[in-house]
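One-letter residues, chain by chain:
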Amino acid sequence: MDRQLLFICFLTFVIHLIGTLAYSVRIAGIRTRRIAVSLALFSILVLVSRTSNSFLGPFLAKRVESSIGMPLSGPELLSDFRWLLVSASLATIVGALLIPTFQRVFCRAVMHFQIHRSVPKLILHGFFKGGLSYVKDNVSLPRASNLAGLRDTQSVSLSVTLLNVIATALWTVGVFAALYAGVLDPSVRVTSSTLSSIINGGATVMMAVFIDPHMSGMTDDVIEGKVSETQFRRAVVWLVGSRLSGTLLAQLLLVPSALLITLVAKAI
């Protein structure tokens, strides 16, 4: 693995790590009863994710452009994309392990923001006024009781779990498939690179129409006392597990998705 690929893997890791930690924001919002503030502060990390994503595309496209036409470029680039998907899976695992720690730190950040109402002050406090030591003192791994709660299939519906697997797989593989389609048929590589929405468009619809409303409704139920916080935590465990399954499923969908994009690019 060369330095450029390692950097692209790092960007992929950051994007999926932040995506996984998003689940803990709802837990922090429930604990502090400040869901809107929690989501607003999390947008700072989303900004980091979007910045990483803005660099990921050009770097990956440049790597594809430089390799097209070289001997064995197809298998080598396919191996590169496999490594990127592995990075996504590893980020999901690390994010799952960090959820308990992140939720404690994020609760502290929300309460600090309620007092000072300043994001710059919050960032300065986090890095220079004991914030890092607070993180160190509150490192915690997921409890075994939450994992044992996976037997409670009533925490989240099976249909939402399966939709999250499919949506995550499509969203993860979309951009990669569009670029790899250009490797399969270089004559339409520019057109193919713009057709990622064929794959991840379905993921966006599923997340917006089914998954996010379900989790938002469940969050409100916890606030109103209709659902216990324990059940909500178990639902998060199910969704994180389905997210990991989705990144693994993306490995199987990479080549078929690229072939589909190639066919559409030729038909346009």
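For clarity, every value in this text was computed on a predicted model and none was experimentally measured. (Residues numbered from 1 in each chain as written. Predicted model: local features only at pLDDT ≥ 70, side-chain atom pairs only at ≥ 80, totals over all residues. Heavy atoms only, no water.)

1. Details of the nonpolar core
With 33 residues, the main nonpolar core has Leu60, Phe81, Leu84, Phe176, Leu254 and Ile261 as its most contacted residues. Those elements that place two or more of their residues in this core are helix H1 (3–32), helix H2 (35–67), helix H3 (73–116), helix H7 (158–184), helix H9 (197–224) and helix H10 (229–267). For this core, the element with the most residues is H7, which contributes ten residues. Among the nonpolar cores identified, the runner-up in size contains 32 residues, and Leu21, Val222, Val227 and Leu239 belong to it. (Core = buried A, V, L, I, M, F, W, Y, C linked by side-chain atoms within 4.5 Å. Buried < 20%, exposed > 50% of the residue type's maximum accessible area, 1.4 Å probe, protein only. Helix = DSSP H or I, 4+ residues; strand = E, 2+ residues; numbered from the N terminus.)

2. Details of the packing of aromatic side chains
A ring pair, where both rings are aromatic, is described by two values, the distance of the centres and the angle of the planes. This structure, assessed with the given rule, holds four aromatic pairs. Judged by centre distance (5.4 Å) and plane angle (25 degrees), the ring pair of phenylalanine 102 and phenylalanine 106 falls under stacked. Taken together, the residues phenylalanine 102 and phenylalanine 106, both in helix H3 and four residues apart, mark about one turn of the helix. Taken together, the ring pairs connect Phe81, Phe176 and Tyr180 into an aromatic cluster. (Phe/Tyr/Trp six-rings, centres within 6.5 Å; stacked < 30°, edge-to-face > 60°.)

3. Here's the deal with the environment of serine 38
Within the secondary structure, serine 38 sits in helix H2. Judged by its relative accessible area of 0%, serine 38 falls in the buried class. The spacing of serine 38 and cysteine 107 is 69 residues in sequence and 8.1 Å in space, taken between C-alpha atoms. Ignoring sequence-local partners within four residues, the contact set of serine 38 consists of Val25, Ala28, Gly29, Thr32, Phe106 and Val110. Engagement of the side chain of serine 38 in a polar contact is seen with the backbone oxygen of arginine 34, the distance being 2.8 Å. (Contact = heavy atoms within 4.5 Å. Polar contact = N/O pair within 3.5 Å; in protein donor to acceptor, adjacent residues only side chain to side chain.)

4. Let's talk about the packing of H7 against H10
H10 packs onto H7 with a crossing angle of 35 degrees between their chain directions and a minimal axis gap of 5 Å. Taken as a pair, H7 and H10 cross one another with a handedness that is right-handed. Looking at the contact of H7 with H10 residue by residue, the class counts come to 22 nonpolar, eleven polar and one charged. (Axes fitted to C-alpha atoms, helices over the stretch in contact; angles between N-to-C directions. Left-handed = near helix turned anticlockwise from the far one by under 90°. Nonpolar A, V, L, I, M, F, W, Y, C, P; charged D, E, K, R; others polar.)

5. A closer look at unusual backbone geometry
Of note in the backbone geometry, arginine 33 takes a positive phi value of approximately 60 degrees without being a glycine. Position of arginine 33 among the secondary structure elements: in the loop between H1 and H2. Among the residues examined, arginine 33 registers a relative accessible area of 49% and is labelled partly exposed.

6. Quick word on the UniProt feature "transmembrane region" (unreviewed entry) in the chain
Summarizing the sequence annotation, UniProt attributes the feature "transmembrane region" (unreviewed entry) to residues 6–25, 37–61, 81–99, 156–181, 193–211 and 248–265 in the numbering used throughout. End C-alpha atoms of residues 81–99 are separated by 27 Å, and the span's content is 100% helix alongside 0% strand. (UniProt positions renumbered as here; feature names shortened; annotations may be inferred.)

7. A word on H2
Along its 33 residues, H2 runs 47 Å from first to last C-alpha, staying within 8% of the 48 Å computed at 1.5 Å per residue. In H2, a bend of some 30 degrees at isoleucine 44 exceeds every other bend along the element. Within H2, burial applies to Val37, Ser38, Leu41, Phe42, Ser49, Ser52, Leu56, Leu60, Arg63, Val64 and Ser67. (Expected span 1.5 Å × (residues − 1). Bend = angle between axes of the 7 residues up to and from the residue.)

8. Structural notes on the packing of H1 against H7
Between H1 and H7, whose axes approach to 13 Å, the crossing angle comes to 155 degrees. Of the possible angle classes, the one that applies to H1 and H7 is roughly antiparallel. Judged by the twist between their axes, the crossing of H1 over H7 is right-handed. When H1 is examined against H7, the residues Thr12, Ile15, His16 and Tyr23 are found in contact with a partner set consisting of Asn164, Trp171, Thr172 and Phe176. Split by residue class, the contact of H1 with H7 holds four nonpolar, four polar and no charged. (Parallel < 35°, antiparallel > 145°, perpendicular 65-115°, else oblique.)

9. Describing the side chain of arginine 233
Examined against the element boundaries, arginine 233 turns out to sit in helix H10. Polar contacts involving the side chain of arginine 233 include one to the side chain of glutamine 103, which spans 3.4 Å.

10. Observations concerning a nonpolar patch on the surface
A cluster of nonpolar side chains, contributed by Trp83, Val86, Leu90, Ile93, Leu97 and Leu141, occupies part of the molecular surface with about 560 Å² of accessible area. By the secondary structure assignment, tryptophan 83 is in helix H3. (Patch = residues over 30% accessible without salt bridge, like charges linked within 9 Å, V, L, I, M, F, W, Y side chains within 5 Å. Areas by Shrake-Rupley, 256 points an atom, 1.4 Å probe, with all protein chains shown as cover. Salt bridge = Lys/Arg side-chain N within 4 Å of Asp/Glu carboxyl O.)

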